[in-house]
Amino acid sequence: MSPRSAWTIALPYLAFFLLPLGWLALTSFWPDAELARPLPSHLTLENHAAALSGGGLARAVLNSLLVSGATAALALALAAPAAFAVARLGVRGGRALLGGALAISMFPPIATAAPLYTALRAARLLDTLPGLVAPYTSFSVPLALWLLTGTFRALPVELYRAARVDGCTPLGAFRRVLLPLAAPGLATAGLLVFVFAWNELLYAVTFLTSPSRRTVPVALALFGGEFRDPFVVLAAASTLATAPVVAIAVLFQRRVVAGLTAGAVKG
Amino acid sequence: MGAALVAPAGAALALVALGPLLATAWLSLRHRVPVLGEDHFVGLSNYRALAHDARFLGALANTAYFTAVAVGLELLLALPLALALHHAGRGRGALRAAVLVPWILPTVVAAKLWALLLQPDLGLLARLWPDGAGAVLTRPRLALHAAIFVDVWKTTPFVALLLLAGLQAIPEDLARAARVDGASALRVFRSITLPLLRPALLLALLFRSLDAFRVFDVVFVLTEGGPGHTTEPLSLYAYRTLLRAGSFGLGAAISLVTFLGVVAIGLAWLSALGERSPGEAPP
């Protein structure tokens, strides 16, 4: 297939994927009073201001940043040592851990929601942001574990041996030699976990009940009703709430794609 | 030494996933309504109730239909896109980034976007086609297909990227040698590309059907399961039974059926994948 025919195939897809988003962005700048017209006479930022004015959306973005950031950090902290041990120390049960983690990542979240709800309430973590980070471990750790095991396996084993010969303990070799070299892999895993946490709805809508604790998906899903004209304001809210992950897609596309498809080739 | 490094991750997964799953199984054998203070063992009677529950059977049918049609369409649409991405040459990075955008959006935003597009007065569809577009989401069959459509819009890029990874793993020499031997482009695709892409296709099928069977977000936002319960999937019915109706035992039973559905799909595809097991080491 020539590049020309490849682009001929790709163009309808691009239109299908991007035109609706373009319309959403345009609608978000559409003056409220002109909604009945086929096209707006001028563009306005009023809708974005209105979406942010209640404070609910800005709060939700902050909540999502905190939850997604903490989820990514916790996932890396738990998964990186485990991935190193599985990849380089030949730890017993390593394969079982990987297989179990993959199976767990396929669990429907609803299958664990009721007991988690009860447990979080007992721990007084229901309706708190840390109380959401804990259940997010169930998808973030498997994802990070698989990606990072691949990362550590890809680093030449000689590096680890050389560090050991030079007197590093296994843990020292991990901390001083392998972990810095695994930085790109860590970044990929962190980005993907961040995106998954940013987008998660079911646990968030189940475990967070106060409006001030809502994450972005919950705030958007329950948006409307509180506003005089939700149509353009909702478009503005969706645009604003989407900007961070779209920025990730555009800025880090190579990294995200590599992470998404790692394991799909051989695994 | 190694065990100490693995233990925290293993313990976390046991605590937030395995333990709760077992607790759900146990809970599904009980009648528990916390608000009423009711909690006792009832054996399989929650499951017996579900077998005669039209709403549950409808949710099961909706989920199965959603999964089969959405995943089928995604695979059909993703294959040409993956080929295009593979052969795009210059500008391929930009193309991949553009295609990645629908996938990286929160599903909630994708569903809201299409809810706005399909909105009967001001939506784009109503503007372009004033007579026909009205009220897609208020008609049962159409509403479920609208949910499938949104899923296809959002997830086709992911499937295409998985297939692209599969395409990139096929040695180019094979196709080149076949072309030298006089094979047409179509013949190369049918006899070389497609068979070698089989593992990637099956893997995409596996990932996507497991994911589609737990569908929640799209329907929650687009139709809220309506009109009536005609678009309600299992996850949403279980969520409402647990949190809106406060019936934990019955909700747990619906949740566990959802889980068993995922297990059944997983085992079916794994046997199709042959000896590849989920325990196999990553690359």
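In the block above lies the structure referred to throughout.
Residues numbered from 1 in each chain as written. Chains lettered and ligands numbered in written order. Predicted model: local features only at pLDDT ≥ 70, side-chain atom pairs only at ≥ 80, totals over all residues.

Whenever I open this one, the overall build of chain A confuses me. Can you help?
The number of helices and strands found in chain A is 13 helices and zero strands. Helices (α) and strands (β) of chain A occur, in sequence order from the N terminus, as α-α-α-α-α-α-α-α-α-α-α-α-α. Its C-alpha atoms give chain A principal-axis dimensions of roughly 75 × 60 × 30 Å. (Helix = DSSP H or I, 4+ residues; strand = E, 2+ residues; numbered from the N terminus.)

Would you mind showing me how to read the interface of chain B and chain A here?
Buried accessible area, meaning the area lost when the parts come together, often serves as the stated size of an interface. Across the contact, 82 residues belong to chain B and 89 residues belong to chain A. Considering each element in turn, the side of chain B that touches chain A owes the most residues, 16 residues, to helix 1 (residues 2–27) of chain B. Its residues assigned to classes, the side of chain B that touches chain A comprises 61 nonpolar, 14 polar and seven charged. (Contact = placed C-beta atoms within 7 Å. Nonpolar A, V, L, I, M, F, W, Y, C, P; charged D, E, K, R; others polar.)

Quick question: what am I supposed to make of the nonpolar core here?
Within soluble globular proteins, side chains that are nonpolar tend to cluster in buried spots. In this structure, Ala79, Ala82 and Leu145 of chain A together with Leu163 of chain B are the most contacted members of the largest nonpolar core, which totals 181 residues. When sequence neighbours within four positions are dropped, the list of residues in contact with Ala79 of chain A reads Val141, Ala144, Leu145 and Leu148 of chain A together with Ala9 of chain B. (Core = buried A, V, L, I, M, F, W, Y, C linked by C-beta atoms within 7 Å. Buried ≥ 20, exposed ≤ 12 C-beta atoms within 10 Å, placed from the backbone.)

Even after reading the chapter, I still don't get unusual backbone geometry, so can you show me in this structure?
The bulk of non-glycine residues show a negative phi, and the bulk of peptide bonds are trans. Of note, the amide linkage connecting Gly226 of chain B to Pro227 of chain B takes the cis form, showing an omega dihedral of -5 degrees. Within the element layout of this structure, Pro227 of chain B appears in the loop between helix 10 (217–222) and helix 11 (234–244). Despite not being glycine, Asp127 of chain A shows a phi value in the positive range, around 65 degrees. Relative to the elements of secondary structure, Asp127 of chain A occurs in the loop between helix 5 (110–122) and helix 6 (130–154). When the 15 C-beta atoms within 10 Å are taken as the criterion, Asp127 of chain A is described as partly exposed.

Please clarify how helix 9 (residues 183–199) of chain A should be interpreted in this entry.
The α-helix winds at 3.6 residues per turn, so residues separated by three or four positions along the chain end up facing the same way. All names here are of chain A. The end-to-end C-alpha separation of helix 9 is 24 Å, in line with the 24 Å expected for 17 residues at 1.5 Å each. Most of helix 9 is tucked away: twelve of the 17 residues are buried. Gly185, Leu186, Thr188, Ala189, Gly190, Leu192, Val193, Phe194, Val195, Ala197, Trp198 and Asn199 are the residues of helix 9 that are buried. (Expected span 1.5 Å × (residues − 1).)

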